[in-house]
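Residues per chain are reported as follows:
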Amino acid sequence: MSTNKVEQLVIATVGFFWCFLMWFSTAAFSPSIAANYHLDIKALGLLASSAIWMAPVCRIIAGWASDRFGAPKTFAFILAGCGVVSIASAYTTDYKILFIERVLVAIAGVSFVVGIQHVAQWFDSHEIGTAEGIYAGTGNVGAGMGALFLPRMFGTNYQDAFLWTGIGAIAIAVWYLVRGRAAKSTAQMELAKKHSGMRDTLFVWSRYIAIALMLAYAMSFGLEIALNAWLPGYFTRGFREAILGLGFSGVAGLQIAAGTFAAVQSFNASLFRPFSGYMSDVFQRKGWTPLPFIAKSLPYAPRLHWLGIAVIAITISMVGLTVAGMTGSLYVSVILLVVLGISISFGTGGTFALVPLLFPTRPGTAAGFIGGVSTISGIIYPLMFAAGSNIHIGYAQVALYLFLPSIVFYFWAARYERHPEEHGLMFNDLDANAAEEAA
Amino acid sequence: MSTKTTSEEIVAQEPWYKYGVGFLVLEMLLAIGVSIYSLYMAFNGIGGFPGKH
């Protein structure tokens, strides 16, 4: 069977898009589910938060599995498994069982790291930023499209929505199995498989540069999902009078306005992500290395600098959001939120333009670690936002206490001019052989 | 279209790349358009993000 890298990119992107659509389809119908089962606000909150529960651990496993078994088999397994459970949930009448089933369907979100590995196995280093950006950015839109179109297509009939998204997932799983190929060469596929042992996993986990990239992704994607959950409440409480002054009234009106401002962040963070991958390619092409301390002679040094700029931009935007909130200006806050959303996309796109290049023999394991562990921050940030003495101060506190140390660590870990992946807490001799094999 | 890596190696871009770049520009324009539209709606008290009118 003949295939090419563009077909593999399309398959991975469609699969990821559908998985994200399924991941957030529960949230899209939470009002209908709440009405059907007479859920109180606490139960509704539990249902909303359950979407992220499986992400940290399952992403790590999925990343390892894609190296060991190949992305097509792993992705098809996730799609088919989640699809079957989604179909089952369409016929469930007991809320407890429905809740468990939807937590299982939310595993679809872990497919991100599988597609990252798949794309990395097909595209060359000079184009990897754009390819990974298109994959991840377009796939991410699935979450927003689900929220936008599913309720319009199915109304309050969430059962039909769960049924048809499940059937769609199984159909894409079959397509993925039939047309998907794990890597552009058997040798490359075998190389990833060979480096998928426990020792290799611990090797990746203990690399300073892998930890730095994980923190960078926590600053970007972790922040993005944290803001998705936090911002509607923030605008409702922090700018209540200003929103009422715009002409909105009642709880429903406040929800519409606050949801809009929150969605703008999410939308920009997703759709600017491919641009960030492209910018990483541009930095590489031009050889731009403007930041101090970070390595300048590594083959991918310009990409490290682009990510460095991104994490600085995120931190500055967070402080700006606090300052804007303290002034009480809704307009300035929303503008800063747009800037923050774009900065976040620079971080997410910039991180995964680097991961496959730093760990060419262990792309899945590395993507699983960086994309999985970082999602824990999505739970931590909202707690810090809510703990501040003032509802606006939390952004600056997170920037000061969590982001600044992360940036310092990133600059420190990215300073090596030769093989930064060889420096870590243990197994420092392990990668010398792998680097030679990859070459 | 060609790429110059830090080691001064010239790598020719494949045909797909220009379509990929065109696609990401389209996505950016979509993000900007939806942002402007929904913020205009919100700041004028008309409605909000599409789907939440």
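(A) Representation of the overall build of chain B. Looking only at helices and strands, chain B has one helix and two strands in total. N-terminal to C-terminal, the α/β element order of chain B is β-β-α. Counting over 53 residues, chain B shows a buried share of 43%. Within the structure as shown, chain B displays about 3,100 Å² of accessible surface, and the carbon and sulfur contribution to it stands at 67%.

(B) A look at helix H16 (residues 273-286) of chain A. All names here are of chain A. Its 14 residues place the ends of H16 20 Å apart at the C-alpha level, agreeing with the 20 Å of an ideal helix rising 1.5 Å per residue. The element H16 is extensively covered by neighbouring structure, given that 13 of its 14 residues are classed as buried. Remark: Gly-287 follows H16 within two positions and exhibits a positive phi of approximately 75°.

(C) Structural context of the packing of aromatic side chains. All names here are of chain A. All told, the structure shown has 38 aromatic pairs over all chains when counted by the stated rule. Note on Tyr-95 and Phe-99: the rings are 6.2 Å apart at their centroids and 50° apart in plane angle, and the pair reads as tilted. Note that Tyr-95 and Phe-99 are positioned in helix H7 (residues 95-105) at a spacing of four residues, about one turn of the helix. Since its relative accessible area comes to 17%, Tyr-95 is described here as buried. We classify Phe-99 as buried; its relative accessible area is 13%. In this structure, Arg-102 is placed above the aromatic ring of Phe-162, and the distance from its NZ or CZ to the ring centre is 3.5 Å.

(D) Main features of the packing of helix H6 (residues 71-90) of chain A against H7 of chain A. All names here are of chain A. Look at H6 against H7: their axes get within 9 Å of each other, and the N-to-C directions meet at 155°. For the element pair H6 / H7, the angle class is roughly antiparallel. Where H6 crosses over H7, the two elements pack in a sense that is left-handed. For the pair H6 and H7, contact is made by Cys-82, Val-85, Ser-86, Ala-88 and Ser-89 and by Leu-98, Glu-101, Arg-102, Leu-104 and Val-105, respectively. For the contact of H6 with H7, a count of residues per class yields six nonpolar, two polar and two charged.

(E) Quick look at a nonpolar patch on the surface. All names here are of chain A. Taken together, the side chains of Val-6, Val-10, Val-14 and Trp-175 make up a nonpolar region of the molecular surface, amounting to roughly 270 Å² of accessible area. Examining the composition of the nonpolar patch, we find that three residues originate from one element, helix H1 (residues 5-23), more than from any other. Residue placement: Trp-175 occurs in helix H10 (residues 158-179).

(F) Structural view of the nonpolar core. All names here are of chain A. Formed by 140 residues in total, the largest nonpolar core has its most connected members in Tyr-135, Leu-223, Phe-235, Phe-261 and Met-318. Per-element tally for this core: the top contributor is helix H13 (residues 208-238), with 20 residues. The contacts of Tyr-135, once residues within four sequence positions are left out, are Leu-9, Ala-12, Thr-13, Phe-16, Phe-75, Ser-111, Phe-112, Gly-115, Ile-116 and Val-119. By size, the runner-up hydrophobic cluster in this structure holds 19 residues, among which are Tyr-37, Leu-47, Tyr-95 and Leu-98.

(G) The environment of Ala-90 of chain A, seen in detail. You can see Ala-90 of chain A is positioned in helix H6. Non-local contacts of Ala-90 of chain A, meaning those with residues more than four positions away in its chain, are made with Gln-159, Phe-162 and Leu-163 of chain A.

(H) Looking closely at the interface of chain A and chain B. On the chain B side, the residues contacting the 38 residues of chain A number 37 residues. Summing the contributions of chain A and of chain B, the shared interface buries around 3,200 Å²; its carbon and sulfur component is 71%. Applying the counting rule to chain A against chain B returns one salt bridge. Where Glu-14 of chain B meets Lys-5 of chain A, a salt bridge forms, and the shortest distance between an N and an O atom there is 2.8 Å. On the surface where chain A and chain B come into contact, there are seven residue pairs in polar contact (both at pLDDT 80 or more). If you list the elements that add at least two residues to the side of chain A that touches chain B, you get H1, helix H9 (128-154), helix H15 (250-271), H16 and helix H18 (330-352) of chain A. No other element matches H15 of chain A, which puts nine residues into the side of chain A that touches chain B.

Cut-off values and rules
The residue count restarts for each chain, going from 1 along the sequence in the order it is written. Each chain is given a letter, starting from A, and each ligand a number, starting from 1, according to the order in which they appear as written. Only residues with pLDDT of at least 70 are given local features in this predicted model, and only at 80 or more are side-chain atom pairs given and counted; all residues enter the totals for whole chains, interfaces and linings. Computation of side-chain values covers all heavy atoms of the structure but excludes hydrogens and water. Helix and strand assignments follow DSSP, with helices taken as H or I runs no shorter than four residues and strands as E runs no shorter than two, numbered in order from the N terminus. Summary of the burial criterion: residues with accessible area below 20% of their type's maximum are buried, those above 50% are exposed, and those between are partly exposed, where the area comes from a 1.4 Å probe applied to protein chains only. Calculation of accessible area relied on Shrake-Rupley with a 1.4 Å probe; when residues are assessed, cover is drawn exclusively from the protein chains displayed. Residue count minus one, scaled by 1.5 Å, sets the expected span of a helix. Between the rings of Phe, Tyr and Trp (Trp by its six-membered ring), a pair exists once the centres lie within 6.5 Å; its type follows the angle of the planes, with under 30 degrees stacked, over 60 edge-to-face, and the other angles tilted. Any Lys NZ or Arg CZ found within 6 Å of a ring centre and within 35 degrees of that ring's normal is scored as a charge over the ring. Only the stretch in contact is used when a helix axis is fitted, and all axes are lines through C-alpha atoms; the angle between N-to-C directions ranges over 0 to 180 degrees. These descriptions rest on fixed angle ranges, namely under 35 degrees for roughly parallel, over 145 for roughly antiparallel, 65 to 115 for roughly perpendicular, and the rest for oblique. Handedness of a crossing follows from how the near helix is turned relative to the far one, being left-handed for an anticlockwise turn of less than a right angle and right-handed for a clockwise one. Residues count as neighbours in contact if any of their non-hydrogen atoms are within 4.5 Å of one another. Residues are sorted three ways: Asp, Glu, Lys and Arg are charged, Ala, Val, Leu, Ile, Met, Phe, Trp, Tyr, Cys and Pro are nonpolar, and all the rest, Gly among them, are polar. What goes into a patch is any residue over 30% in relative accessible area without a salt bridge, connected to like charges within 9 Å or, for nonpolar side chains (Val, Leu, Ile, Met, Phe, Trp, Tyr), within 5 Å. Any Lys or Arg side-chain nitrogen found within 4 Å of a carboxyl oxygen on Asp or Glu counts as a salt bridge. By nonpolar core we mean a set of buried residues, namely Ala, Val, Leu, Ile, Met, Phe, Trp, Tyr and Cys, connected to one another through side-chain atoms within 4.5 Å. Reported buried area values correspond to the accessible surface (1.4 Å probe) lost by two parts on association, with both partners' losses combined. Here a polar contact is recorded for every N or O atom pair within 3.5 Å, except that within protein the pair must consist of a potential hydrogen donor and a potential acceptor, and residues adjacent in sequence are included only if both atoms are side-chain atoms.

What is shown is where atoms sit, not what they do.
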